[in-house]
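Here is how the chains run, residue by residue.
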Amino acid sequence: MKQDKPIAIFDSGVGGLTVYQALRRTLPRERFIYLGDTARVPYGTKSAETVAAYSLQNSQFLVSLGVKMLVVACNTASSYAMETLVDHFDMPVLGVIPAGVRRAVALSRRKRIGVIATESTIQSQCYQNQLRDIDVDIVVHALPCPLFVPLVEEGWLDHPVTREVAQIYLAEMSAREVDTLILGCTHYPMLKAVISAVLGAGVNLVDSAEAVALEIGSILTALNLERRNTAAPEPDEFYVTDSTAKFQKVAEIFLSHKLENLHHVDLTLLPKID
Ligand code: DGL
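**Examining the packing of aromatic side chains**
Each pair of aromatic rings is reported with the distance of its centres and the angle of its planes.
Alright, step 1. Applying the stated criterion to the full structure yields eight aromatic pairs.
Alright, step 2. On the numbers, 5.1 Å between centres and 80° between planes, the contact of tyrosine 20 with phenylalanine 238 is edge-to-face. A residue pair is termed long-range when its members are at least 10 positions apart, and tyrosine 20 in helix H1 (residues 17–26) and phenylalanine 238 in strand S9 (residues 237–240) qualify at 218 residues.
Alright, step 3. The rings of Tyr20, Phe32, Tyr34, Phe238 and Phe247 are connected pair by pair, giving a single aromatic cluster.
Alright, step 4. Residue placement shows arginine 40 over the ring face of tyrosine 54; its charged tip is 4.0 Å from the ring centre.

Next up, the structure:
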């Protein structure tokens, strides 16, 4: 039965585990298959064409496993690959950007919204355009924060260096009086406490991972795709394109537990699609 198939999630690497975790929590009856393209990470510095081509291959692999929905956890891939993926696959494909945008607009009182993300996501103007599409009066301040990704992967979630870096990056957000900040990169929700300490409790932080997880529940219902089987789902499955050992180590920073069912996959062996 279509409804009992798993939901696929992919990311450029380990960061998408924030989205996985939010989905796991929000949809306890569903089963998930996660792919981290660790051999080709980072996506956040790459061109639109490269990110779209990698995303297509990732999805091709996941779709071959028999899934009912594709969730693009990576913000950079959500910025550049949605059209390609929607064109190629006959199933619902969801990125993280629209949910984060809607949540930010709902929360912002003064229409001054900040977006922090990778270089490529900011360059794509995806967040900026979608915010202004909802309300032309919104003032958007967008800023790449590339050092946050390695700091999170180092496990420096509450480290003096991370606090210092956050202060330097986010000073302009305070100067421009943003009242809402979108954490537009998979890794940034891990730094919520540091970011909030720098900006103060008056600034709303939008975690795109949580925002998309909340929306996917209603989308499954609307599309009649909720899992029917009342038995507990099979354990979730994880795939990576580089070493499983390295992924396991960093995954523990994100999940605070060890991952079961972690496998290596070689995407270069997939048949080519146009
Ligand atoms: N997953 C990426 C994103 O959310 C961050 C890491 C990378 O640059 O690949 O944009």
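**Digging into the site of the ligand**
Alright, step 1. Residues in contact with the ligand amount to 13 residues; listed here are only the nearest, Asp11, Ser12, Tyr43, Gly44 and Thr76.
Alright, step 2. Contact distances for the ligand include 2.8 Å between an oxygen atom and a backbone N or O atom of glycine 44.
Alright, step 3. At a separation of 3.0 Å, an oxygen atom of the ligand approaches a polar backbone atom of asparagine 75.
Alright, step 4. Taken together, the residues of the shell around the ligand break down into five nonpolar, seven polar and one charged.

**Focus: the pairing of S9**
A regular strand places its side chains on the two faces of the sheet in alternate fashion.
Alright, step 1. Residues Glu237 and Tyr239 of S9 are buried on one face, and the alternating residues Phe238 and Val240, pointing to the opposite face, are buried as well.
Alright, step 2. In this structure, strand S2 (residues 32–36) lies alongside S9, joined through four bridges in parallel fashion. Pairing of glycine 36 across the sheet is with valine 240, part of S9.
Alright, step 3. Pairing between S9 and strand S10 (residues 262–264): three bridges, direction parallel. Considered in S10, the bridge of valine 240 is made with histidine 264.
Alright, step 4. In terms of handedness, the path from S9 via helix H12 (residues 244–255) over to S10 forms a crossover that is right-handed.

**Description of the nonpolar core**
Alright, step 1. Leu17, Ile116 and Phe148 are the most contacted members of the largest nonpolar core, which has 69 residues in total.
Alright, step 2. In terms of residues, this core owes the most to one element, helix H11 (residues 208–222), which gives six residues.
Alright, step 3. Every residue in contact with leucine 17, bar those within four places of it in the chain, is listed here: Tyr34, Phe238, Phe247, Ala251, Phe254 and Leu255.
Alright, step 4. Of all hydrophobic cores here, the second largest spans 25 residues; its members include Leu35, Val67, Leu70 and Ala77.

**Brief notes about the sheet that holds strand S1 (residues 7–11)**
Alright, step 1. What the six strands build is an open sheet, ordered S4-S3-S1-S2-S9-S10; its pairing is parallel. Single-partner strands in this sheet number two, and they are strand S4 (93–95) and S10. Shown here is a sheet whose adjacent strand axes are inclined to one another by a mean of 20°, direction ignored.
Alright, step 2. Taken strand by strand, H1 contacts S1, S2, strand S3 (69–72) and S9, and its axis lies near 175° from that of S2.
Alright, step 3. Packing against the sheet, H12 makes contact with S2, S9 and S10, and its axis sits at approximately 145° to S10.

**Description of the environment of leucine 85**
Alright, step 1. Residue position: leucine 85 is located in helix H4 (residues 82–88).
Alright, step 2. Sequence spacing of leucine 85 and isoleucine 134 is 49 residues, and the spatial spacing of their C-alpha atoms is 24 Å.
Alright, step 3. Leucine 85 has contacts with Phe10, Ser55, Leu56, Ser59, Val72 and Val93, leaving out every residue within four places of it along the chain.

**Things to note about the pattern of salt bridges**
Alright, step 1. Tallied over the full model, the rule gives ten salt bridges.
Alright, step 2. The salt bridge involving arginine 25 is made with glutamate 210; its shortest N-O contact spans 3.8 Å. Residue arginine 25 is located in helix H1, and its partner glutamate 210 is located in helix H11; the two are separated by 185 residues in the primary sequence.
Alright, step 3. Overall, arginine 25 belongs to the exposed group, its relative accessible area being 56%.
Alright, step 4. A salt bridge links lysine 68 to glutamate 30, with the shortest nitrogen-to-oxygen separation between them at 2.6 Å. With a gap of 38 residues between them, lysine 68 in the loop between helix H2 (48–64) and S3 and glutamate 30 in the loop between H1 and S2 connect regions that are remote in the sequence.
Alright, step 5. Each of Arg25, Lys192, Asp207 and Glu210 takes part in one network of salt bridges that share partners.

Conventions used here
- Residues numbered from 1 in each chain as written.
- Predicted model: local features only at pLDDT ≥ 70, side-chain atom pairs only at ≥ 80, totals over all residues.
- Heavy atoms only, no water.
- Phe/Tyr/Trp six-rings, centres within 6.5 Å; stacked < 30°, edge-to-face > 60°.
- Helix = DSSP H or I, 4+ residues; strand = E, 2+ residues; numbered from the N terminus.
- Lys NZ or Arg CZ within 6 Å of the ring centre and 35° of its normal.
- Near = heavy atom within 4 Å.
- Polar contact = N/O pair within 3.5 Å; in protein donor to acceptor, adjacent residues only side chain to side chain.
- Nonpolar A, V, L, I, M, F, W, Y, C, P; charged D, E, K, R; others polar.
- Buried < 20%, exposed > 50% of the residue type's maximum accessible area, 1.4 Å probe, protein only.
- Pairing = 2+ DSSP bridges.
- Right-handed = clockwise from strand over helix to strand, strands pointing away.
- Core = buried A, V, L, I, M, F, W, Y, C linked by side-chain atoms within 4.5 Å.
- Contact = heavy atoms within 4.5 Å.
- Axes fitted to C-alpha atoms, helices over the stretch in contact; angles between N-to-C directions.
- Salt bridge = Lys/Arg side-chain N within 4 Å of Asp/Glu carboxyl O.

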